[in-house]
Every structure is written in structure tokens, then in C-alpha cells.
Amino acid sequence: MDISMSWLKDYVDIDADIKDFVEDITLSGSKVEGYTEIASDITGVVVGKVLSIEKHPDADKLVVTKIDIGKNEPLQIVTGATNLFAGAYVPVATDGSHLANGVKIKKGKLRGVESNGMLCSVEELGCDRHDFPEAPENGIYIFPEEKELGMDAREALDLIDTSVEFEITSNRPDCFSMLGIAREAAATYKKVFRMPEIKVNETADGDINSMVSVEILNPDLCPRYVARIVKNVKIGPSPRWMRKRLRSVGIRPINNIVDITNYVMAEMGQPLHAFSIDTIDEHKIIVRNAKEGEKFKTLDGVERQLDPSMLVISDPNKAVAIAGVMGGENSMITGDTETVLFESANFNGPSVRITAKKVGLRTDASSKYEKGLDPNLNRIAADRAVQLVELLGCGEVVKGAVDCYPNKREPWELSYDPEWINRLLGTDISEDEMVEIFKRLEIDVDRKRRVVTIPTFRPDLEAQADLAEEVARFYGYDKIEPTLAAGTPTVGKKTYSQIIEDIIKQTMIKNGIFEAMNFTFESPKVYDKLNIEKDSHLRNSIKILNPLGEDFSVMRTTTLNSMLNSLSTNYNRRNMEAALFEVGKVYIPKSLPLTELPDEPKKLTIGMYGAGCDFYRLKGIAENLFEAVGMDKEVEYIPNKNISWMHPGRTADVSVNGESFGYIGELHPTVAKNYSIGTRVYIAVIDIETVFAKSDMVREYKPLPKFPAMTRDISMVVDSGVFVKDIEKVIKKKGGKLLEEISLFDVYTGGQIEKGLKSVSYSLTFRASERTLVDDEVNSVMDRILASLKEEFGAELREK
């Protein structure tokens, strides 16, 4: 945002050098991006008087003038201007002067006649006819009144000013105005802030209440609407002082009525809109939501598509403005307009921002509204506008105002504790000094109750910490001595779940798997691509309200698509093998539409393909993981043929205590084909929350055994459908305390084994901690084991 220093001094006396001002105001919290001294590039241009005009001896279109610039000898200047006359006061660029855009003037000869400078138009001084409507379209600018000869032409034209550019944060909407910066400057320099004195002379006939009515149908999006009317309007250029001020803050002057609305917006931060009242049917303003499919042509001549989420200003038959964004072509002010309605309204900031984005039209007004303005400013701004109409003599003000304000915003109270503020800041500022700072900011203070009353133009002050910030910035950040943080020191450490997650990642990396990181949002089309059943809960995904596109429109309910996309990218870039893992969240809604936050469980997803990849390698990696977190003795792998995206004969549930918490196996070939992967893919998905709950990081160490072990090998023939894990359960149960270790060393099917059977061989280790075992003890245990195996599975000892 730009402000004019000369304009700023209307509201607060500032005598600091511009460099000091920039530094001081920045230190007090209003960051300055830079400043520009307007017309500083123009030098050597002075006021001169035309003494005589003679025809050039060798050029029909040139004349030779004598110009008095207040020195002994008049200057001879050759020019082609046709609007000059003797006695005219004009801007004169002397020898060695500089004009706008870097043009340098030097004396020389024109068609043989000496010329010691140049007479200037407003364009050559960096202005245009919006700045000086009285200037000729093609010709030298002539001052309308006498000026002191030799004075700086910039001063004579009132061009000298300094424009300061501020970077204002969105939580300070009050500072997007001259008055807001003036308040900050007054507080910084401990000066008096002068609010413009607003007095309105209502000289026009009639009363506004008989001329217009206002109805707000959506007070949530339009908390306040103020209307004032001006009659006998005369459209024309604004006076020079107003045009200059608008230019100094980056606004192009247009005509007096439009300039007044822009002037008030720049001065007070409140956007205004002016309607031709004759274009308002029944002279009734209705603030309503747009209709479905409603179309509206804005002032720029573009037809916009509206929807019911947008707020419009309308009459009983048509919309006349998009609230907070832009007015309509159907209600614009023209040269024939005689009666104007000034609108000063307050609109919901987020609503204006969303509307402006939807219609693709961000204006100066919308950029202010979207930050959240103070509705208590509306009547003040409306009165200021009609006051300026009267001041400029371009209309007569009708008595009264229509002011719809259903729910008035009141100032609010905050408690303050000087001791708490000093502890937070690490300072020793007295309460008297804090109170003085609050009062400089127009914050009322009740010292007895230690309560302050916040004005409604400061919505950013919501808690005592905000008050502490105000104290700090006006006390002076540079005055606050660096101190060590107070309080009891604590030792930072990771939570148990973070430790387990680190172990999971470390285990994956030790097994040669690379970590992948993926987006948590994806396309709803992936459910069909993954072959997920139509009635699966995984299809109940959360839709994103403002997605980047359809491919990123829902929150994922499974990590599988992300992993397969990564594997597919590797495969199709001719990476012959890949092994990846991801630790990431999925989002499972409790109900749709959302009424509460969804569950966000973390999943470990492993994906691999290529040489050496099979079910057993993947299972071995999982076993390494469970061993690392102390779960290896509890986890079981149970065949599962019912996962639609997995191979029905090569997939197992990963379970603990009979409850599944993941799956492991080969991807269904159809799904692999859907992802353009032309080889077998192996996938494991494990619920990390279960790993957190079931992990056991306590390690118990036993002394080395004092007594020798005895080993027995056993080979048995069982039905080929019997699972090894079931056999091991029986062996462990019947082996009792003496069984120290069981190791599977062979599974065989072939010519020596009857079809439908298989041979399974184990090595069993027995040991007693308090004595040396004898053969009879071990033989007795072996007999129990063999008997149970025969009973449970019909196992027979293999004899050859």
C-alpha cells in the first residue's frame, strides 16, 4: 500500500526526515518496503514568462521566443508550440535540466537559430491530462495564474511529494488507509492524531427515506448497509489537490464522483460505490444472494456467471453490483446522471474473497473487503463522501441516510496484567508506561479493574498476548535487552511412537528398501483401477472443497495407489528392480458428509518387484521388522483369498492374537496391468498403530547356559495342506520347558513321498538350566511330541 507524506500530514504533525520516518515507523511495526520522491528526476525546470514571439526565419512551423526566468538576460528558445502568447507563464527547461523518463536538455541551434532550453508540456513533466485537465492536448502548459519567475516548476505545479510503500499484514485492515497509517505514526511519535472534521450541509430538497429503501436478506454476509443521496450532480474533473493525492497513492483520477469514492477509500479504507439512482427500479436496494445461473455484466463490460454463494446488490428486478467486487454496467454513472446514491456497506471478508476468485475479478475494493472491515466505519465514510461532494461543488446533499445495521458490533474488553506482560517480553516496563501506550492507540483503560476496551477498528487484538505485542512495538524492540528464557528447563526427547517409527524406517533401510513420499490426496478413479469392491468402505473418501484438480480431489483411504504409481514410474523408466516403503496416513471418515474429524491411522506400505523378489523375501523383511520391535513371537501369517486387489493364492493376513493388522503377498496381475507393470509385484501393508500398541522394547538377558544341550532331528510325513506354523505350535506346546529351540531345515515333496503328502524336518534343541539332561528325559518329551503330531495331523515318522 502507498501513502503520500504530504497527505499524511493532514492528520498528524510529522517533522522527521523521510529516512528517519521510514526507520521509525518500521521499528514500531508498520513495515516500509521503500519510498519514492515524486518528480525528483526532474531538475532545472523553472517558471518563465513569454516576453515576445517572432517567426523563425527559416522554418514556417517554428517560432523564436524570448523568455524571462527572473534573471538579467531573457532566454531565447525556439519552439513549435502554437498556443503561446506574450505574457504567458510557462514551465521552462533550462540548459542542463532533466525531464521525466531521463530526457536531458542542452542548448543548441534549431534551423540555424540558437535555442537555450525548451518549453514544456505536462507530459514532459511526467503528468497527463488526467492530472491537468486544463492542459492543451498538444501544446505547452500555460499556468492559469501568475507565478514567481524562476521558481521551481515542480513547486509551481504542486508535483513535489514523497510516496511511501508499506507492506501491511492482512490482520491489520485498519492500516490499509491513510488514517490507519496516521494513527500508527501518531502513536510512534507521541503526536496528536487528527480525525477529519466531517460536517454535512444537507441543502437538497426532500428526505432520503422517501427516495430509497434498503433491505438486507443475508445479514451474515452484509452486516451493514448505509446509503446517502446527492442531487443535481455535475460530472467533471476533480480539483488539482484531489487529483494529486489520488495519483500519489497509485489511483488514476477519472471524474469528480468516482474520484470522491476512491479518495474516501484511500483515506479511510472503506470502499464506496456510486449508483445512478434512476437505474434502480422502484428505488429499492435489496442485498441478496445471487440466483442459480444468474448472469451479470460488470462495469468492465464482461458478463459474469454467478451462483447462490455470491452476494449481489440488486433492485426488485435485477442485480446492479457484485457485492464488494464491482458495480454493474446497468447502473453506471454517465454524463447525464443527476442523482447519485452512495453505497457504504460492510461485507463478509471470506465471502468477497471467494466471489472475486470465482468471477476472476480482484479489485481494490475486494482486496480491502476480504481482510475484514469495521462496520462502524460505514456511516462515517458515507458522510465524508457527501461532504466532499459539497466541498467540490458537484452536487447537493439530500437530508438523512438509510442505515441498515441489524447487529451492531460493539467494542470488547480484555484483561491485562503488567507482570505477565513483562514476564512474556523479558522487560521491566511500568504499568504507567503501558497505559500510556494503550491510550496512544485509542484503547480505553480501566486501571482499577485492569481492563482495556478495544476499538472495533482493531480486530487483531483478541488476547493479552496481542496487548503485549502492542506494548513491545511502541516501547521499542530495540530497547528490549536480550535475556535467557525463564522457566524450568526440560529435556527434549522423542515419544515412544516416534521411537518405534524410527525403528521401522531403520529396519526397512537396513533391508535395502528406499523410502518413498507421496501425496495424501488422489483421484476417486483409483478405486476402479485397484479393483476395489463397489461396496467397500475404502470408497467412502473425503472430498476436498478446493482441489488442485480431479486427480487430487479426495483424501486417500489406502496407500496402495501411491505405492503402485511409484513402482510404475520406476518400471516404465526401465529400472529393472525396485523396493520402496512409505510411512503415511490414510483418512477414514466416520460418516459422510463429515460431522467430525476422520480417523487418520498410519500405515507402513512396502512394494517391490524384480530379481530376487518373492513372497518369502517380503515375509522375511516383515519378520525382521517384528523382531526389531519385539513382536516376532506373536505375529502369524494366515492365508487370505478375499482381498480383491491381491493374488488369491499368494496372499496372507498378518495377525496378532487372532486379529489382522495388515496383509502381505503378491499383487493381483490385473491390477499390476492397470498400472502398466509387466512383472510380479509384491505388496505389504501393515497398520503402524497396532505395531505401536503391541511392540515390546524391553529386552531380558539370560546368563550363558552352564549345562550342555541335547539335539534331536525329526522328519515326518504330513498332508500337504498342513501349515508348518501349526506343526510348530504343537511341538512348542508338548516340548515344555526343556525345549530350547526349534528349527525347520527341510520341506520336501517328490518321488519318495506319496502324492498329496509332504516331508517336514526339524532340528529340536533341549536343555535344562539346573542340570545335565539324560537321554530318557529327552526321549520322553519326544514321545509326547510325536504322539500329539500323529493325533493332530496324522503325522508319520519318515523312515527314508
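Only a predicted model underlies this, so the values are computations on that prediction, with no experimental measurement involved. (Residues numbered from 1 in each chain as written. Predicted model: local features only at pLDDT ≥ 70, side-chain atom pairs only at ≥ 80, totals over all residues. Heavy atoms only, no water.)

What about the overall build of the chain?
Secondary structure summary: the chain contains 20 helices and 38 strands in total. The C-alpha atoms of the chain give a radius of gyration of 42 Å, which is well past the 28 Å a tight globule of 800 residues would have. Overall, the chain is about 140 × 75 × 60 Å in size when its C-alpha atoms are taken along their principal axes. Counting all 800 residues of the chain, 49% fall into the buried class. The contacts in the chain between residues at least 6 apart in sequence include a share of 70% that link residues at least 24 apart. As presented, the chain carries roughly 40,600 Å² of accessible surface, and 49% of it is formed by carbon and sulfur atoms. Side chains of the chain give 102 positive and 126 negative charges; the mean places of these two sets differ by 4 Å. (Helix = DSSP H or I, 4+ residues; strand = E, 2+ residues; numbered from the N terminus. Rg over C-alpha atoms; globule rule 2.2 N^0.38 Å. Buried < 20%, exposed > 50% of the residue type's maximum accessible area, 1.4 Å probe, protein only. Contact = heavy atoms within 4.5 Å. Areas by Shrake-Rupley, 256 points an atom, 1.4 Å probe, with all protein chains shown as cover. Lys, Arg positive; Asp, Glu negative; His and termini not counted. Charge placed at Lys NZ, Arg CZ, Asp CG, Glu CD.)

Details of the environment of Asp 478
Along the chain, the position of Asp 478 falls in the loop between helix H12 (464–475) and helix H13 (496–510). Each C-alpha atom, one on Asp 478 and one on Lys 525, is 57 Å from the other, the two residues being 47 residues apart in sequence.

Some remarks on the side chain of Ser 115
By the element assignment, Ser 115 lies in strand E8 (residues 113–115). Once residues within four sequence positions are removed from consideration, Ser 115 is found in contact with Gln 76, Ile 77, Val 78, Lys 107, Gly 108, Lys 109 and Leu 110.

Overview of the packing of aromatic side chains
The final tally for this structure, using the stated rule, is 14 aromatic pairs. When the centroid spacing of 5.7 Å and the interplanar angle of 90° are considered together, the rings of Trp 241 and Tyr 263 count as edge-to-face. A residue pair is termed long-range when its members are at least 10 positions apart, and Trp 241 in helix H5 (residues 240–248) and Tyr 263 in helix H6 (residues 256–268) qualify at 22 residues. According to the relative accessible area criterion, Trp 241 is partly exposed, its value standing at 33%. Taking the centre distance of 5.8 Å and the plane angle of 70° together, the rings of Tyr 416 and Phe 438 count as edge-to-face. Separated by 22 residues along the polypeptide, Tyr 416 in the loop between strand E23 (412–415) and helix H10 (418–425) and Phe 438 in helix H11 (residues 431–440) bring together distant segments of the chain. One exposure class covers both Tyr 416 and Phe 438, and it is buried. (Phe/Tyr/Trp six-rings, centres within 6.5 Å; stacked < 30°, edge-to-face > 60°.)

Concerning the sheet that holds strand E35 (residues 710–719)
Sheet strands line up and pair through hydrogen bonds in the backbone, either parallel or antiparallel. Pairing is antiparallel in the open sheet, where four strands are placed in the order E36-E37-E35-E38. The sheet is open, and its two edges are formed by strand E36 (739–748) and strand E38 (796–797), each paired on a single side. Pairing analysis gives ten bridges linking E35 to strand E37 (residues 757–766), with the strands arranged antiparallel. What sits directly across from Val 717, in E37, is Ser 759. The strands touched by helix H19 (residues 724–735) are E35, E36 and E37; relative to E36, the strand with the most contacts, the crossing angle is about 150°. Sheet strands in contact with helix H20 (residues 775–793) are E35, E37 and E38, and its direction is about 15° off that of E35. (Pairing = 2+ DSSP bridges. Axes fitted to C-alpha atoms, helices over the stretch in contact; angles between N-to-C directions.)

Focus: the nonpolar core
In terms of nonpolar packing, the biggest core is built from 50 residues, with Leu 8, Phe 21, Phe 166, Ile 257 and Phe 342 touching the most fellow members. Counting only elements with at least two residues in this core, the list comes to helix H1 (5–8), helix H2 (18–27), strand E10 (161–166), helix H4 (178–189), H5, H6, strand E20 (340–346) and helix H9 (378–392). Once you skip the residues sitting within four places of it in the chain, Leu 8 turns out to touch Ile 3, Ile 14, Phe 21, Met 178, Ile 181 and Ala 182. With 43 residues, the next largest nonpolar core counts Ala 323, Phe 347, Leu 373 and Val 402 among its residues. (Core = buried A, V, L, I, M, F, W, Y, C linked by side-chain atoms within 4.5 Å.)

Focus: unusual backbone geometry
For the bond running from Leu 592 to Pro 593, omega is 0°, close enough to zero to count as cis. Tracing the backbone shows Pro 593 in the loop between strand E29 (578–585) and strand E30 (602–609). Positive phi is not limited to glycine here, since Asn 232 has a value of about 50°. Examined against the element boundaries, Asn 232 turns out to sit in the loop between strand E12 (224–231) and H5. With a phi close to 55°, Asn 657 is a non-glycine residue in the positive phi region. Within the secondary structure, Asn 657 is located in the loop between strand E32 (646–656) and strand E33 (659–667).

Comments concerning the pattern of salt bridges
Under the counting rule described, the total for this entry stands at 63 salt bridges. Residue Asp 726 is joined to Lys 725 by a salt bridge in which the shortest nitrogen-to-oxygen separation is 3.2 Å. On the basis of relative accessibility, which here comes to 26%, the residue Lys 725 falls in the partly exposed class. Three or more residues are tied together by salt bridges with common partners; here these are Arg 172, Asp 174, Glu 184, Arg 458, Asp 460, Glu 470 and Arg 473. (Salt bridge = Lys/Arg side-chain N within 4 Å of Asp/Glu carboxyl O.)

What about the sheet that holds E23?
The strand order across the open sheet built from three strands is E23-E25-E24, with neighbouring strands paired in antiparallel fashion. Sheet topology places E23 and strand E24 (444–446) at the edges, where each strand pairs with a single neighbour. On average, each strand axis in the sheet is tilted by 25° relative to the strand beside it, whichever way the strands run. Sheet analysis places E23 next to strand E25 (residues 451–454), joined by four bridges and oriented antiparallel. By the bridge assignment, Glu 413 is partnered in E25 with Thr 453.

Thoughts on the packing of H2 against H4
Across the interface, H2 lies against H4 with an axial gap of 10 Å and an inter-helix angle of 90°. In terms of their interaxial angle, H2 and H4 are classed as roughly perpendicular. Contacts between H2 and H4 involve Asp 20, Phe 21, Asp 24 and Ile 25 from the former and Glu 184, Ala 185, Thr 188 and Tyr 189 from the latter. Looking at side-chain class alone, the contact of H2 with H4 contains four nonpolar, one polar and three charged residues. (Parallel < 35°, antiparallel > 145°, perpendicular 65-115°, else oblique. Nonpolar A, V, L, I, M, F, W, Y, C, P; charged D, E, K, R; others polar.)

A few points about a negative patch on the surface
Taken together, Asp 17, Asp 20, Glu 23, Glu 37 and Asp 478 make up a surface patch of like negative charges. Mapping Asp 17 onto the fold places it in the loop between H1 and H2. When its relative accessible area of 43% is taken as the criterion, Asp 17 is described as partly exposed. (Patch = residues over 30% accessible without salt bridge, like charges linked within 9 Å, V, L, I, M, F, W, Y side chains within 5 Å.)

Points about H10
Within the span of H10, buried status applies to Pro 418, Ile 421, Asn 422 and Leu 425. Along H10, the residues classed as buried sweep out an arc of 100° about the axis, all on the same side. For H10, the elements touching its buried residues are H11 and H12. Near the N-terminus of H10, the side chain that reaches the backbone nitrogen of Glu 419, with its oxygen 3.0 Å away, is that of Asp 417. Following H10 by one or two positions, Gly 426 adopts a phi angle in the positive range, close to 70°. (Arc of directions from axis to C-beta. Polar contact = N/O pair within 3.5 Å; in protein donor to acceptor, adjacent residues only side chain to side chain.)

Thoughts on H12
Here H12 contains twelve residues, and its C-alpha end-to-end distance of 16 Å stays within 8% of the 16 Å for a straight helix at 1.5 Å per residue. Within H12, the full set of buried residues consists of Gln 464, Asp 466, Leu 467, Ala 468, Glu 470, Val 471, Ala 472, Arg 473, Phe 474 and Tyr 475. Of the residues one or two after H12, Gly 476 is the one with positive phi, at around 120°. (Expected span 1.5 Å × (residues − 1).)

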